[in-house]
Amino acid sequence: MGLADDFEWQVLNKLDRNEWESGLLLVNEYIRTHKDTASSALRLRGTLHVARGMPALALADFSKSLESCQDETDSHILKAKIELLKGKLGSALEEAEKAVQSDEQRGEAYATRAYIVQQALIKGEPLSTGVQELLQDWQKAIDCGNYPRTYLCHFNRACIFQNFVKDLQAAFDEYNIALEKNPNYLHAIKNRAILHTMQGRVVDAIRDYELAVSLNSQDFESSFSLGVVYAAVAHNKTFLSASPSPTSDVAMISDSEKIPDEQRSEYIELAIKNFKNALNYCLKEKKPEYWALTQEELALLYCERVAGQTGYNLEESIRHFKNALQGDSRTSCTSIPYSAL
């Protein structure tokens, strides 16, 4: 007996918005009150732990779920995930192959195999499967028609096109399909914003980052990235096109036609607002390099700030520069698209 579809979707929606803690509360309560489906719930909780970066907890939940698993294909899928968490990519792929052989109509089996191969590529440890075969596996997971999170398949295909095939238009198309299927998928929104930025569509990048922040105001990366875009506009004296078109672009202003101070001041204020929000969810102890980089960005913005008192802005700039020196700001915070399962 499995989980109710509406409950599983509710939890997965929390995961897709990086609301892991509230998702865990839901699953823990479900496990406490539904002993008959505890195995499926443990598997779901393990998925949440993976997303949170808690491999030991995920490993424990997948192992417990495996003990009471009655389905052969599900058993191989769980074993594949367990081996992957242990860092045994070869063994994980073997179990995923067995899952596919056990049921060639199970979309999750193909998705699991694709995920393992993609993780190997990201880690620089490519397995025998090539990029085209990897894309085909994600497509097979979609075509089976029984994998509930097909938006993840499109998202991962987009990551492959972006990072390995270097086909940005194909990546953009796949991100759009993923978001048509799940408009709240935070990672697809942020990755699409990166593509917009790379291709000079700053208006669209801001729109996507604003959407990401609205979905989860506690997501550091969304607020930080939005701050970066606004700061870049202010520093480079770039005029934002008002066109709402998906292909809206950015028009550069010549030296004789600079952005009005009032407009530039607005961008600086927006950048400061988002960097400050990012700092609320980026602890120095956990991410010292990101914390320091955010402090550095704020210091530079206060140097150029038009609004407010000059003395206060100078004090804030000095304070943030001092904070930046306490960490390591040499690390780039640019998002790297990754796969999710």
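Here, every reference points to the structure presented above.
Parameters and conventions
Residues numbered from 1 in each chain as written. Predicted model: local features only at pLDDT ≥ 70, side-chain atom pairs only at ≥ 80, totals over all residues. Heavy atoms only, no water. Phe/Tyr/Trp six-rings, centres within 6.5 Å; stacked < 30°, edge-to-face > 60°. Helix = DSSP H or I, 4+ residues; strand = E, 2+ residues; numbered from the N terminus. Lys NZ or Arg CZ within 6 Å of the ring centre and 35° of its normal. Buried < 20%, exposed > 50% of the residue type's maximum accessible area, 1.4 Å probe, protein only. Contact = heavy atoms within 4.5 Å. Salt bridge = Lys/Arg side-chain N within 4 Å of Asp/Glu carboxyl O. Axes fitted to C-alpha atoms, helices over the stretch in contact; angles between N-to-C directions. Parallel < 35°, antiparallel > 145°, perpendicular 65-115°, else oblique. Left-handed = near helix turned anticlockwise from the far one by under 90°. Core = buried A, V, L, I, M, F, W, Y, C linked by side-chain atoms within 4.5 Å.

Structural notes on the packing of aromatic side chains
Next, step 1: This structure, assessed with the given rule, holds ten aromatic pairs.
Next, step 2: Centre to centre, the rings of F220 and Y290 are 6.1 Å apart; their planes meet at 40°, and the pair counts as tilted. One end of the pair, F220, is in helix α13 (residues 220-236); the other, Y290, is in helix α15 (residues 288-304), with 70 residues separating them in the sequence.
Next, step 3: Joined through ring pairs, the aromatic side chains of W9, Y151, F155, Y175 and Y185 make up one cluster.
Next, step 4: The ring centre of F172 lies 5.0 Å from the NZ or CZ of R201, which sits over that ring.

Digging into the environment of F220
Next, step 1: The exposure class of F220 is buried, given its relative accessible area of 10%.
Next, step 2: In this structure, F220 is in contact with A278, Y281, C282, Y290 and T294, ignoring residues within four places of it in sequence.

Examining the pattern of salt bridges
Next, step 1: Applying the stated criterion across every chain, the model contains 23 salt bridges.
Next, step 2: One salt bridge in this structure joins R52 and E21, with 3.3 Å as the shortest N-O distance. Of this pair, R52 sits in helix α3 (residues 38-52) while E21 sits in helix α2 (residues 20-33), placing them 31 residues apart in sequence.
Next, step 3: A salt bridge links D208 to R192; its shortest N-O distance comes to 2.8 Å. With D208 in helix α12 (residues 202-215) and R192 in helix α11 (residues 186-198), the pair connects residues that are 16 residues apart, well separated along the chain.
Next, step 4: Judged by its relative accessible area of 4%, D208 is buried.

What to know about the environment of L270
Next, step 1: Turning to its location among the elements, L270 is positioned in helix α14 (residues 261-280).
Next, step 2: Each C-alpha atom of the pair L270 and A231 lies 8.2 Å from the other, and the pair is 39 residues apart in sequence.

A word on the packing of α2 against α3
Next, step 1: Axis separation between α2 and α3 bottoms out at 10 Å; the angle between their running directions is 160°. Regarding the angle of α2 to α3, the classification is roughly antiparallel. Here the hand of the crossing between α2 and α3 comes out left-handed. Facing W20, E21, G23, L24, V27, N28, Y30 and I31 of α2, the residues of α3 in contact are A41, L42, L44, R45, L48, H49, A51 and R52.

What to know about the nonpolar core
Next, step 1: Grouped together as the largest cluster of nonpolar side chains are 45 residues, with contacts concentrated most on I116, L134, W138, F155, Y175 and Y185.
Next, step 2: Where this core is concerned, the elements lending two or more residues are α5 (72-85), α6 (89-102), α7 (107-122), α8 (131-143), α9 (150-165), α10 (168-181), α11 and α12.
Next, step 3: Looking at this core element by element, the count peaks at nine residues for α7.
Next, step 4: Excluding residues that lie within four positions of it along the chain, I116 makes contacts with A80, L84, L89, A92, L93, A96 and L127.

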